[in-house]
Amino acid sequence: MSFRIFAVLALMAVSLTGCSKRETPVETARHTKTLLLGNGAEPGDLDPHVAVAYIDYNILISLFEGLTVIDEATSRPLPGAADRWDISPDGLTYTFHLRADGLWSNGDPVTAQDFIFSIERILSPKLASEYAYMLDVIKGAADYTAGTLTDFTQVGAKALDARTLQLTLDRPTPYLLSLTAHQAWFPVHPGTVLKTGGAHARGTGWTRPGNLVGNGAFILSEWRPDQHILVTKNPRYHAAAQNQLEAVKFFPVADPGVDERAFRAGQLHITYDVHPDRLDAWRREDPTKLRVDPFLETFYVRFNTTRPPFNDVRVRRALALAIDRDAIAGPVMRGSRTPARSIVPPDTAGYTSTASMPTDFASARRLLAEAGYDSGKGFPKFEIKMNADPVNTKVFEAIQQMWRRELGIECTLATMDNRVYLDSMQTLAFDVLRSRWVGDFNDPATFTDLFTSASGNNNTGWKNPAYDRLIASAARELDTPRRFDLLRQAEALVLDEAPVAPVFFGTRTYLIHPDVKGWTPSLLGIHRYQTIRLEP
């Protein structure tokens, strides 16, 4: 175990002010109302228009609030920064009415113009946000991001007055109110962003404690890299009176074993994960503290299709077919996951794929031979990159053995800091990469939109005009069965050309202390901490 992780544990043990020797941090938290959370890794960024990782979103949702929020139990949108909205009969115009009591954490009113500033910012090609495509449903948005439209006033976003925001859509979008809850739609405080750098600059320091101004239920109070992030109750939040927590503390511990020991020692309320090898013990010894929640996630292998030999579809398909998904989801993950033979998890808002990526070793060997690598002869040794997490290592050691045994090829595993891993992914600095996608909203489009040519989260180098046309047609289709049929055709293309290889569908496995009340299972894995309370 590294010195850094030892240091994190030590800090966790003494982190709460006034903690007596007889009290654990969890016991002290009953008085201080501080929720202690494991959060997997150091966040890459707390700029909602730049961050892409799930662990970042876990923190961002405490600091910012979109026009809508998502109900954990139902995945349905509820009023957020807007307390109501009107929708035109043709479904193309949404008029949002902002709360009269909506304030930034510095006391400024949250205005429609703040949302206009934020929409322009994330769409700007200068910022080059990976999530800009999430706003493509707005008329003119995609053209503005592409640079073919340079006059933002032609984009369908208007401030009618200080508290009225009007969005004109490119096409009817039944799930728009779920989209507007996502971080890509979060407003940022214009004065704060501009004070520390240009509107379209990254990493300017406006997201640091003392600088960050948000409109969420909490304020960023401390950020000690690789130690913790502390957010404290925002007294200016419109529902502050209902918020029963005074603070939330996030610990970036990547090792589930360290997380578990901290939980046992009374240093965490909720772990980020549980190592698969420990699931059976918790099921047997203390099942009330183990949670295995539904989770809209696909874990997959990502190939860099710009690098030989992964630019050959036969190679990619051979590798994808030579993954025994049942073995990984079962014995390797202790039955806590479901084998994934498609990209979209089954029954996502009523959608289920008809295409499939099976395990077929004989076909995999045949395809590899056709590509010129019979029995793996001459196949270049390559590297699989992943963020530091023992679960990733366990999964990819199994895949490494499968590829060696069935195809005769060799690869190495490389683990790295989460920020380095994200940079490698976004710059295509990899051969093969561990990947996962957690749904941003409960619709198959959150997965199928990933692999369009314009998607900032594609990160494979793969582009297919036929795929883009199918996704565009599906986006304009109002009839749900026909829309789903178009998405199934698109998903079949991805599985056939295999820029990625699905491995398993996720569940959220974690440990939770009985003091935590109101922590409802969430399909999207996101919780509004202002709805949580701590009671013995």
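Let us look at the structure shown here.

Procedures and definitions
- The numbers attached to residues start from 1 for each chain and follow its sequence in the written order.
- With the structure being a predicted model, the display of local features is reserved for residues of pLDDT at least 70 and the display and counting of side-chain atom pairs for 80 or more, all residues being used for whole-chain, interface and lining totals.
- Note that water and hydrogens are dropped before the side-chain values are worked out from all heavy atoms of the structure.
- Strands are runs of DSSP state E lasting at least 2 residues, helices are runs of H or I lasting at least 4, and numbering of each runs from the N terminus.
- Only the C-alpha atoms count toward the radius of gyration. The rule for a globule is 2.2 Å times the residue count to the power 0.38.
- Whether a residue is buried, partly exposed or exposed follows from its accessible area with a 1.4 Å probe, protein chains only, as a fraction of its type maximum: under 20%, in between, or over 50%, in that order.
- Here a residue-residue contact requires only that any non-hydrogen atoms of the pair lie within 4.5 Å.
- Just so you know, the count uses Lys and Arg for positive and Asp and Glu for negative, and it drops His and the chain ends.
- The atom standing in for a charge is NZ when the residue is Lys, CZ when it is Arg, CG when it is Asp and CD when it is Glu.
- In this analysis, axes come from line fits to C-alpha atoms, helices being fitted only over the stretch in contact, and the angle between any two N-to-C directions falls in the range 0 to 180 degrees.
- Convention used here: angles under 35 degrees read as roughly parallel, angles over 145 as roughly antiparallel, angles from 65 to 115 as roughly perpendicular, and any remaining angle as oblique.
- Left-handed describes a crossing whose near helix is turned anticlockwise from the far helix through less than a right angle; right-handed describes the clockwise counterpart.
- Residues are grouped as follows: Ala, Val, Leu, Ile, Met, Phe, Trp, Tyr, Cys and Pro are nonpolar; Asp, Glu, Lys and Arg are charged; every other residue, Gly included, is polar.
- Pairing between strands requires that DSSP locate at least two bridges from one strand to the other.
- Just to be clear on terms, a salt bridge is a Lys or Arg side-chain nitrogen sitting within 4 Å of an Asp or Glu carboxyl oxygen.

1. Quick look at the overall build of the chain
Helix and strand content of the chain: 17 helices and 18 strands. Scaling as 2.2 N^0.38, a compact globule of 536 residues should have a C-alpha radius of gyration of about 24 Å, and the chain matches this with 23 Å. Taking the principal axes of the C-alpha coordinates as reference, the chain spans close to 70 × 65 × 40 Å. Counting across all 536 residues of the chain, residues that qualify as buried make up 58%. Nonlocal contacts in the chain, meaning residues at least 24 apart in sequence, comprise 70% of its contacts between residues at least 6 apart. When the 58 positive and 62 negative side-chain charges of the chain are each reduced to one mean point, those points stand 3 Å apart.

2. A look at the packing of helix α8 (residues 256–264) against helix α9 (residues 276–285)
The N-to-C vectors of α8 and α9 enclose an angle of 25 degrees; their axes lie 12 Å apart at closest approach. By the criterion of interaxial angle, the relationship of α8 to α9 is roughly parallel. For the crossing formed where α8 meets α9, the hand is left-handed. Touching Glu-260, Phe-263 and Arg-264 of α8 are Arg-278, Trp-282 and Glu-285, all from α9. Looking at the contact of α8 with α9 residue by residue, the classes come out as 2 nonpolar, no polar and 4 charged.

3. Observations concerning the packing of helix α11 (residues 325–332) against helix α13 (residues 390–407)
Across the interface, α11 lies against α13 with an axial gap of 11 Å and an inter-helix angle of 140 degrees. Of the possible angle classes, the one that applies to α11 and α13 is oblique. α13 is crossed by α11, and the crossing has right-handed handedness. Counting all contacts with α11, which are made through Ala-327, Ile-328 and Val-332, the residues of α13 involved are Lys-394, Val-395, Ala-398, Ile-399 and Met-402. Among the residues forming the contact of α11 with α13, the class breakdown is 7 nonpolar, no polar and 1 charged.

4. Examining the pairing of strand β8 (residues 218–224)
In the case of a regular strand, side chains alternate between the two sheet surfaces. Pairing of β8 with strand β9 (residues 228–233) involves 6 bridges; the strand directions are antiparallel. Paired with Phe-218 across the strands is Lys-233, a residue of β9. Between β8 and β9, which follow one another and run antiparallel, lie 3 residues, and Asp-226 among them has a positive phi close to 65 degrees.

5. Re the pattern of salt bridges
The full count for this structure, using the stated rule, is 30 salt bridges. Note that Asp-277 is salt-bridged to Lys-394, the shortest N-O span being 3.1 Å. Residue Asp-277 is located in helix α9, and its partner Lys-394 is located in helix α13; the two are separated by 117 residues in the primary sequence. Lys-394 sits in the partly exposed class, given a relative accessible area of 23%. Close ionic contact of Glu-285 with Arg-284 constitutes a salt bridge, the shortest N to O distance being 3.7 Å.

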